[in-house]
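Observations on the three-dimensional arrangement
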Amino acid sequence: MLQPKEGRIDGAHYLRTTPDTSMWGWLPNAATAPVLTVSSGDTVTIDTLSHEGILEDQGRDPVGFLAGFGVPADRVLTDSRDLAASPVPHDFDADGPHVVTGPIKVEGAEPGDVLRVDTLGLLLRAPYGFVSNRHGFGALPGEFPETDPDSGPGSAPRDYNSVCAFTEVMEDGGRLFGSLPYGNGRAARFPLAPFLGLMGVARDTADPVHSVPPGSHGGNLDINELQVGSSLYLPVQVPGASFYAGDPHYAQGDGEVALTALEAPLRATVRLTVVPKAEAAALLGLLGEPFAETATHWLPVGLHEDLNEAMKRAVRAAVGFLSLTQGMPRPTALAYLSAAADFEISQVVDGVKGVHCMIRKSDFPAT
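Attention here is on the structure that accompanies the text. These numbers come from a predicted model, not from an experiment.

Turning next to the overall build of the protein. Helix and strand counts for the protein stand at five helices and 22 strands. Scaling as 2.2 N^0.38, a compact globule of 367 residues should have a C-alpha radius of gyration of about 21 Å, and the protein matches this with 20 Å. Projected onto the principal axes, the alpha-carbon positions of the protein cover approximately 60 × 45 × 40 Å. Per-residue burial over the protein gives 53% buried out of 367 residues. Long-range pairs, those at least 24 residues apart, make up 76% of the contacts in the protein between residues at least 6 apart in sequence. Positive and negative side-chain charges in the protein, numbering 25 and 45 respectively, have mean positions lying 5 Å apart.

What follows is the structure, given as structure tokens:
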């Protein structure tokens, strides 16, 4: 267990998740005051919290809920217990589920610039998590969960008949795995690949911003490639950028079809760097949308409520990236993408669907 303030804290700054440093179900906007201010290039360690285990359909009582899976009270994070017990309002039917930590002001960031978010470290904070399926959501709403239909808005969330699959973390040969039991002493075992499902900057609006749909601000992108060593580029929309993070995952398949991934808390260390507008355009060919990269791949992103349109936007973003940064003629770029690039579905469960393109860096000459 990585309780607040205990264990390794690698960043120059440290941010806990408390009722005063987080929002539940909503994202910061232009009017949200920062809870931390850092310089460009600074590193920050953030103790993120999962919403699983504290939501209303789970009793808003992590100690009681986890006891049902044999987890003793001293194996429950204290910040999770504090948030669940706090008077912070949360409407299970109207609000997003995510616990969002921040915002963090990055000095010097101005609209038109890009915020580069380098993920430097992700430490598991608990040896368990949940994969949840709720009525009306996921890739097969109306078909799953195969429990009695929920009783709808206005009723007790405990009557919503959600299915929350408890998943333990185990170690084998120096690697960490999730273990998902399915009866008769058997369990499916799959490797962990932690990442933050939600990273973003504030939108330039005073209106409330729901935590579920991703957009040009980033937010709930659920791109499973954003592991340690990755970089996410977010178009800055307000002075200071107002960066935030949440929705920690231990593992997620492309699509995230049940509704959630293996949701569980992470201690994340990130570096926040302002990339000036002119430099960003030359480096990334950004067209006002999030962009990511790993050591081996560039990842243009497409987002839209319609999955076909999200795919089209990802293709356009990939063509534009190759044209602007590699000098590749657009018809040649399209031919290359058809022959060599993979377009992967980030998720189909957040209202706005996501597609990201995997372009191998090794396919192109070094510049």
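In terms of nonpolar packing, the biggest core is built from 49 residues, with Ile 104, Leu 115, Val 117, Phe 243 and Leu 272 touching the most fellow members. Ranked by the residues each element gives to this core, the list is headed by strand S18 (residues 266-275), at five residues. Once residues within four sequence positions are removed from consideration, Ile 104 is found in contact with Leu 15, Leu 36, Val 38, Val 44, Ile 46, Gly 240, Ser 242, Phe 243 and Leu 272. Grouped together as the second largest cluster of nonpolar side chains are 19 residues, Ala 280, Phe 291, Met 328 and Leu 337 included.

Further remarks concern the pairing of S18. In terms of burial, S18 is a largely internal element, eight of the 10 residues being buried. Here strand S5 (residues 42-47) runs beside S18; their pairing, made up of six bridges, is antiparallel. Counterpart to Asp 42 in the pairing with S18 is Leu 272. Here 10 bridges tie strand S7 (residues 114-124) to S18, and the two strands are oriented antiparallel to one another. Bridge pairing in S18 links Thr 119 to Val 270.

It is worth spelling out unusual backbone geometry at this point. Between Gly 102 and the following residue, Pro 103, the backbone shows a cis peptide bond with an omega angle of 10°. The residue Pro 103 is located in strand S6 (residues 99-106) in this model. Residue Pro 145 follows Phe 144 across a cis peptide bond; omega there is 0°. Turning to its location among the elements, Pro 145 is positioned in the loop between strand S8 (128-133) and strand S9 (163-172). Notably, Asn 184 is not glycine yet its phi reads approximately 55°, a positive angle. Along the chain, Asn 184 falls in the loop between strand S10 (175-183) and strand S11 (186-191). Backbone geometry places Asp 247, a non-glycine residue, at a positive phi of 50°. Mapped onto the secondary structure, Asp 247 falls in strand S16 (residues 243-251).

Right, let's talk about the sheet that holds strand S1 (residues 13-15) for a bit. One open sheet holds the nine strands; their spatial order is S1-S5-S18-S7-S15-S19-S20-S22-S21, and the pairing between them is mixed. Where the open sheet ends on each side, the last strands, each with one partner, are S1 and strand S21 (342-347). The mean inter-strand angle of the sheet, taken between neighbouring strand axes irrespective of direction, is 25°. Relative to S5, S1 runs parallel, the two being bridged by three bridges. The residue of S5 that forms the bridge with Leu 15 is Ile 46. Of the strands in this sheet, strand S19 (291-293), strand S20 (297-304), S21 and strand S22 (353-360) are in contact with helix H4 (residues 307-326), which crosses S20 at around 140°.

Attention now goes to the pattern of salt bridges. Enumeration over the complete set of coordinates arrives at 14 salt bridges. Among the ionic pairs, Asp 172 bridges to Arg 189, the shortest N-O distance being 2.6 Å. Of this pair, Asp 172 sits in strand S9 while Arg 189 sits in strand S11, and the two are 17 residues apart along the sequence. A residue is classified by how much of its surface remains accessible, and Asp 172, at 39% relative accessible area, is partly exposed. By relative accessible area, which is 43% here, Arg 189 ends up partly exposed. In this structure, the salt-bridge partner of Arg 316 is Glu 309, at a minimum N-O distance of 3.2 Å. Note on Arg 316: relative accessible area 49%, which makes it partly exposed. Shared partners join several salt bridges into a network, and the residues in it are Asp 47, Asp 79, Arg 125 and Arg 267.

Counted according to the given criterion, the structure contains 12 aromatic pairs. Taken together, the ring pairs connect Tyr 233, Phe 291, Trp 298, Phe 321, Tyr 336 and Phe 364 into an aromatic cluster. In this structure, Arg 189 packs its charged tip against the face of Phe 177, placed 4.1 Å from the ring centre.

Before going further, it helps to examine the packing of H4 against helix H5 (residues 330-340). In contact at an axis separation of 9 Å, H4 and H5 are set at 120° when each is read in the N-to-C sense. Compared by their axis directions, H4 and H5 come out oblique. Where H4 crosses over H5, the two elements pack in a sense that is right-handed. Of H5, the residues touching H4 (which contributes Val 315, Ala 318, Val 319, Gly 320, Leu 322 and Ser 323) are Arg 330, Ala 333, Leu 334, Tyr 336 and Leu 337.

Looking now at the environment of Pro 235. Structurally, Pro 235 can be placed in strand S15 (residues 231-235). Considering only alpha carbons, one finds Pro 235 and Arg 116, 119 residues apart in sequence, at a separation of 9.0 Å. Apart from residues lying up to four places away in sequence, Pro 235 is in contact with Asp 113, Val 114, Val 201, Ser 216, Gly 288, Glu 289 and Pro 290.

What counts, and where the lines are drawn
In this numbering scheme, every chain counts its residues from 1 along its sequence in written order. In keeping with the model being predicted, local features are shown solely for residues with a pLDDT of at least 70 and side-chain atom pairs are shown and tallied solely at 80 or more, while totals for entire chains, interfaces and linings include all residues. Where side-chain values are given, they derive from all heavy atoms of the structure, hydrogens and water being excluded. Runs of E in the DSSP output that reach at least two residues are strands. Runs of H or I that reach at least four are helices, and both are numbered from the N terminus. Restricting the calculation to C-alpha atoms gives the radius of gyration, and the globule rule supplies 2.2 Å times the number of residues raised to the power 0.38. Using a 1.4 Å probe on the protein chains alone, a residue whose accessible area is under 20% of its type maximum counts as buried, one over 50% counts as exposed, and one in between counts as partly exposed. By definition, residues are in contact when any of their heavy atoms lie within 4.5 Å. As used throughout, the charge tally considers Lys and Arg to be positive and Asp and Glu to be negative, leaving His and the chain termini uncounted. Lysine's charge is taken at NZ, arginine's at CZ, aspartate's at CG and glutamate's at CD. Only buried residues count toward a nonpolar core, which is a set of Ala, Val, Leu, Ile, Met, Phe, Trp, Tyr and Cys residues joined through side-chain atoms within 4.5 Å. At least two bridges found by DSSP between two strands are what make those strands a pair. All axes here are fitted lines through C-alpha atoms, helices being fitted over the stretch that makes contact, and every angle between N-to-C directions spans 0 to 180 degrees. Just to be clear on terms, a salt bridge is a Lys or Arg side-chain nitrogen sitting within 4 Å of an Asp or Glu carboxyl oxygen. Pairs were defined over the aromatic rings of Phe, Tyr and Trp, the Trp ring being its six-membered one, requiring ring centres within 6.5 Å. Orientation was assigned from the angle between planes: stacked under 30 degrees, edge-to-face over 60, tilted for the rest. We call a charge positioned above a ring when the Lys NZ or Arg CZ atom is no farther than 6 Å from the ring centre and deviates by at most 35 degrees from the ring normal. Angle categories: roughly parallel below 35 degrees, roughly antiparallel above 145, roughly perpendicular from 65 to 115, and oblique for all the rest. Rotating anticlockwise by less than a right angle from the far helix to the near helix defines a left-handed crossing, while the corresponding clockwise rotation defines a right-handed one.

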